[in-house]
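Listed here are the chains, written in short residue letters.
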Amino acid sequence: MVLVSFVGLLAGWHLLVTWGAYDRFILPGPVDVWRQLLIVGGDGRLLKHSLITISELLPGLGIGLLIAMPLGYLLAKSSLAERLLSPYLIASQAIPVIAIAPLLTIWVRSTYWARVLVAVLVVFFPILINIIAGLRAVPAELYELMHSLQATRRQIFTKLEIPAALPILLAGLKVGATLSVIGALVGEFVQPKSQGLGYLLVTARYQFKTDLVFVVLITLSAIALVMYGLVALLEKRLLRWQASK
Amino acid sequence: MNVAFIIPHSSFIIFQMDAFLTAVQVEYIFEDGPLHVLTDISLSVPAGAFVALVGPSGVGKSTLLRLIAGLLRPSAGQISIANHPAHQSPNPVGLVFQRDNLMPWRTVTENVRLPLELQGKNDPSARRRVQKMIDLVGLAGFEQNYPAQLSGGMAQRVALARALVHEPPLLLLDEPFGALDALTRERMGQELLRIWQAMPVTVFMVTHSISEAVLLADEVLVMGGDPGNGRPAAITHRIPIHLPRPRQFQMQSAAEFQRHAAAIRAAIQQ
Ligand SMILES: Nc1ncnc2c1ncn2[C@@H]1O[C@H](COP(=O)(O)OP(=O)(O)O)[C@@H](O)[C@H]1O
Ligand SMILES: [Mg+2]
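Criteria and thresholds
- Residues numbered from 1 in each chain as written.
- Chains lettered and ligands numbered in written order.
- Predicted model: local features only at pLDDT ≥ 70, side-chain atom pairs only at ≥ 80, totals over all residues.
- Heavy atoms only, no water.
- Helix = DSSP H or I, 4+ residues; strand = E, 2+ residues; numbered from the N terminus.
- Rg over C-alpha atoms; globule rule 2.2 N^0.38 Å.
- Buried < 20%, exposed > 50% of the residue type's maximum accessible area, 1.4 Å probe, protein only.
- Domains from an automatic or database assignment.
- Buried area = accessible area lost by both parts, 1.4 Å probe.
- Salt bridge = Lys/Arg side-chain N within 4 Å of Asp/Glu carboxyl O.
- Polar contact = N/O pair within 3.5 Å; in protein donor to acceptor, adjacent residues only side chain to side chain.
- Nonpolar A, V, L, I, M, F, W, Y, C, P; charged D, E, K, R; others polar.
- Pairing = 2+ DSSP bridges.
- Patch = residues over 30% accessible without salt bridge, like charges linked within 9 Å, V, L, I, M, F, W, Y side chains within 5 Å.
- Areas by Shrake-Rupley, 256 points an atom, 1.4 Å probe, with all protein chains shown as cover.
- Contact = heavy atoms within 4.5 Å.
- Near = heavy atom within 4 Å.
- Core = buried A, V, L, I, M, F, W, Y, C linked by side-chain atoms within 4.5 Å.
- 1 Å grid on protein atoms, 1.4 Å probe; cavity = no way out; pocket = protein on both sides within 12 Å on 5 of 7 lines; lining within 4 Å.
- Points joined across faces, edges and corners; volume = space filled by probe spheres on them.

(A) Region of the structure containing the overall build of chain B. Looking only at helices and strands, chain B features seven helices and ten strands. A compact globule built from 270 residues should have a C-alpha radius of gyration of about 18 Å, and chain B, at 18 Å, falls within 12% of that. For chain B, the C-alpha atoms occupy an extent of roughly 50 × 45 × 35 Å along the three principal directions. The 270 residues of chain B split such that 54% are buried.

Below, the structure is given as structure tokens:
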């Protein structure tokens, strides 16, 4: 099914380009893009820039997760913390990351860490929201069961809260994993220093190499798909019990 | 164990030699209302007895059960289990709710094992005990199933096995069969009797089925009042059930059974 729709998409695109009135600088055909892919793929440029982008988004995702987990736990468990912090967290979401990214590059001197930080900001919120939702979804009666069995806080955390919140946490991580690609890219837009897919995209656009722009976009989608797939795989392993339904 | 016993019909408690679960003039107020739910609750349940608690919904039955489980503390008065305050009971009680409350990410075996795991027990004898409980509730062969693969009755059996695996002296049941269909419910009642007779456990069960209460219990406590409208609930009647054991469904048509059921119904409606 997916294959059929993909072939259909390519064919439609090809027809649009050959019969349409578009200049190939505005809309390159699939053949042009393929040719360009072979060039940048062959000389190693695509791989090099991709690896740089990946080396930014993975730590971005990891650090975002590491900050969101304890903070989410605190917000879900303490109504005081929630009252104090959530107005700022919500207000911060009204500011587009693209608007504060230039500031971050001023504050953080390292090009690399500035980009990582932008990725952190992008993935952080959806993961945080899902951690809170996951913890709130733990049934009160299961807490009562654990208390009646005189479980320690630590046991409640490891044997109840983590496994109960895991499905919703992983759903958040899926969103975060795909967003981390956007995060790294935004970081590269504001710091386009000779490396990363964002840099490749910006330079290709300046040089009107529209086919290269397409190659970068396709690569970005592929990375996002792989990230999503990795979390989905993790999900399948960790949530084997869900498949039993 | 099945000798009829008599508890004075007053809030004054005469301590019996073998009183195992006792409550003395317990009051309970939910602070966030504030809502005065329970007043002057006194009980004395001998070890090994089967007591049922009935009453209209919203009267405070679950609240009393939570107090006995040590999940809530009385606002006044004391509750003790084997001479320990309820919230400091050295051996945790067994608890079964209306919904099975199994952990969906654990298999049957893993769910039943939970209380022992929390006590740090994972030796071969603990594993044998888990298997014994699974066998006792008739779920041999389903050890590796997840809760989502079980019927409502089966899931409730797992909850029962989990509640009993650590050999609690007291089993607390809050409308345990309320979500099951009538046939499954009757069968589960019989199972519960069989298990109770096989183990040295005292049972305290909240139910809204009068016939279930008569069929299972040594004594039925009736709770009355209307906490939502300023009348905190108390235990208004204690009705000993003088029916021979073992008890079976067929008894439900006996005149003696009907007489008990009628007495309880009258007590609730008072
Ligand atoms: N956590 C709570 N906070 C405040 N009021 C509660 C709480 N739980 C129960 N209540 C109130 O206490 C009364 C008794 O509730 P409950 O013990 O659940 O009744 P029952 O189990 O007999 O149906 C009800 O009026 C209910 O609304
Ligand atoms: Mg109730």
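We are not done yet, so read on.
(B) A look at the domain arrangement of chain B. Residues and elements named next belong to chain B. Once the domains are mapped, chain B shows domain 1 (7-91 + 169-269) and domain 2 (103-167). The centre of domain 1, based on its C-alpha atoms, is set 26 Å off from the matching centre of domain 2. Of the roughly 1200 Å² buried at the junction of domain 1 and domain 2 (both faces included), carbon and sulfur atoms supply 70%. Broken down residue by residue, the surface that domain 1 buries against domain 2 is led by Met 188, Ile 195 and Met 199, which jointly contribute 38%. With its nearest N and O atoms 3.1 Å apart, the salt bridge here joins Glu 191 to Arg 157. For the interface between domain 1 and domain 2, the tally reads four residue pairs in polar contact (both at pLDDT 80 or more). Contributions of two or more residues to the side of domain 1 that touches domain 2 are made by β7 (170-174) and α5 (182-198). Element by element, the count of residues in the side of domain 1 that touches domain 2 is highest for α5, at six residues. Per-class residue counts for the side of domain 1 that touches domain 2 are eleven nonpolar, two polar and two charged.

(C) View of the pairing of strand β1 (residues 19-30) of chain B. Residue and element names in this part refer to chain B. The pairing of β1 with strand β2 (residues 35-46) spans eight bridges and is classified as antiparallel. Within β2, the residue paired with Ala 19 across the bridge is Pro 46. The antiparallel hairpin formed by β1 and β2 contains four residues in its connecting segment. Note: β1 against strand β4 (residues 76-81), five bridges, orientation antiparallel. Residue Ala 23 lies in a different strand from β4, and its bridge partner there is Ile 79.

(D) Quick look at a nonpolar patch on the surface. The grouping of Leu16(A), Tyr22(A), Phe25(A), Ile26(A) and Phe208(A) at the surface amounts to a nonpolar patch, some 590 Å² of accessible area in total. Relative to the helices and strands, Ile26(A) resides in the loop between α1 (2-19) and α2 (30-42).

(E) Representation of the side chain of Thr111(A) within the structure. Considering the arrangement of structural elements, one finds Thr111(A) in helix α6 (residues 111-136). Not counting the four nearest positions on each side in its chain, Thr111(A) is found in contact with Gln191(A) and Lys193(A).

(F) The interface of chain A and chain B, seen in detail. With 19 residues of chain A at the contact, the number on the chain B side is 23 residues. Both sides of the chain A and chain B interface together cover about 2100 Å² of buried area, and 65% of this is carbon and sulfur. Considering only the surface of chain A that becomes buried against chain B, Glu141(A), Leu149(A) and Trp241(A) emerge as the three largest contributors, covering 29% of it. If you look at where chain A meets chain B, you find three salt bridges. Between chain A and chain B we count five residue pairs in polar contact (both at pLDDT 80 or more) in total.

(G) View of the site of ligand 1. Residue and element names in this part refer to chain B. In the vicinity of ligand 1, the contacting residues are Phe 30, Asp 32, Leu 35, Val 37, Pro 56, Ser 57, Gly 58, Val 59, Gly 60, Lys 61, Ser 62 and Thr 63. Within the side chain of Ser 62, one N or O atom sits 2.7 Å away from an oxygen atom of ligand 1. Within the contact set of ligand 1, an oxygen atom lies 2.6 Å away from a side-chain nitrogen or oxygen of Thr 63. At the level of secondary structure, the elements contributing two or more residues to the shell around ligand 1 comprise β2 and α1 (61-68). At three residues, α1 tops the list of elements feeding residues into the shell around ligand 1. Partitioning the shell around ligand 1 into residue classes produces five nonpolar, five polar and two charged.

(H) Representation of the nonpolar core in the model. Residues and elements named next belong to chain A. One finds Ile 127, Leu 128, Met 146 and Leu 160 to be the most contacted residues of the largest nonpolar core, which totals 61 residues. Looking at which element gives the most residues to this core, the answer is helix α8 (residues 153-190), with twelve residues. Among all residues touching Leu 128, those that are not within four sequence positions of it are Ala 68, Leu 71, Gly 72, Leu 75 and Leu 89.

(I) Quick look at empty space enclosed by the protein. Within this structure, the stated rule accounts for one cavity of 30 Å³ or more. There is about 30 Å³ of room inside the largest cavity. Around the largest cavity, the lining residues are Leu145(A), Ser148(A), Leu149(A), Val93(B), Gly94(B), Leu95(B), Pro115(B), Arg162(B), Ala163(B) and His166(B). Of all the secondary-structure elements, those providing two or more residues to the lining of the largest cavity are α7 (140-148) of chain A together with β6 (94-96) and α4 (152-164) of chain B. Considered class by class, the residues forming the lining of the largest cavity number six nonpolar, three polar and one charged.

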